[in-house]
Amino acid sequence: NGADVNILNVGGASVLTSSCFLADSPLEAIRLLLSWGAEHIESGKQMTKERKLSFCHETSSRGHVKIANLMLSELGGRRCE
């Protein structure tokens, strides 16, 4: 038993989604969240593919290109089991 990587904040956003909005957007923390299966959730709902693409574009335009590329990769940082 461990922490829920998809726990939501009061606005209904997952830790992963919220982390991407941080000024310093910690790449390693986001990579770790993705490796444990974290999902992008907004307003309590999982992002659609279209919204995820838009979100990645927004992330990239804020200067976090490595994070956007990681989220767009085929495995999204997930561990292979």
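Preceding block: the structure.
Please read all numbers here as calculations on a predicted model, not as lab measurements.

Cut-off values and rules
Per-chain numbering applies: the sequence of each chain, read as written, is numbered from 1 onward. The predicted origin of the model limits local features to residues at a pLDDT of at least 70 and limits the giving and counting of side-chain atom pairs to 80 or more, whereas totals for whole chains, interfaces and linings rest on all residues. Computation of side-chain values: all heavy atoms of the structure, hydrogens and water removed. We call a residue buried when its accessible area falls under 20% of the maximum for its residue type, exposed when it is over 50%, and partly exposed in between, using a 1.4 Å probe and counting protein chains only. Under the scheme used here, helices are H or I runs from DSSP no shorter than 4 residues and strands are E runs no shorter than 2 residues, and both carry numbers assigned from the N terminus. We call two residues contacting when some pair of their heavy atoms lies within 4.5 Å. By this rule, a helix spans an expected 1.5 Å times one less than how many residues it contains. Note that the arc is computed from the directions linking the helix axis to the C-beta atoms.

Let us now look at helix α2 (residues 27–35). Turning to α2, its buried residues are Ile30, Leu33, Leu34 and Ser35. Contacts made by the buried residues of α2 are with α1 (15–19) and α4 (65–72). At the C-terminal side of α2, glycine 37 shows a positive phi close to 90 degrees.

Every α-helix winds through 3.6 residues per turn, so residues three or four apart in the chain are directed the same way. With 13 residues, helix α3 (residues 49–61) ought to run about 18 Å at 1.5 Å a step, and its terminal C-alpha atoms sit 18 Å apart, in line with that. Within α3 the residues assigned to the buried category are Phe55, Cys56 and Thr59. All buried residues of α3 project into a common sector of 100 degrees when viewed along the axis, lining one side. Away from its buried face, by an angle of more than 90 degrees, α3 presents the exposed residues Glu50, Leu53, His57 and Ser61. The inward-facing, buried residues of α3 contact α1, β1 (41–42) and α4. One or two steps after α3, the chain reaches glycine 63, where phi turns positive at roughly 95 degrees.

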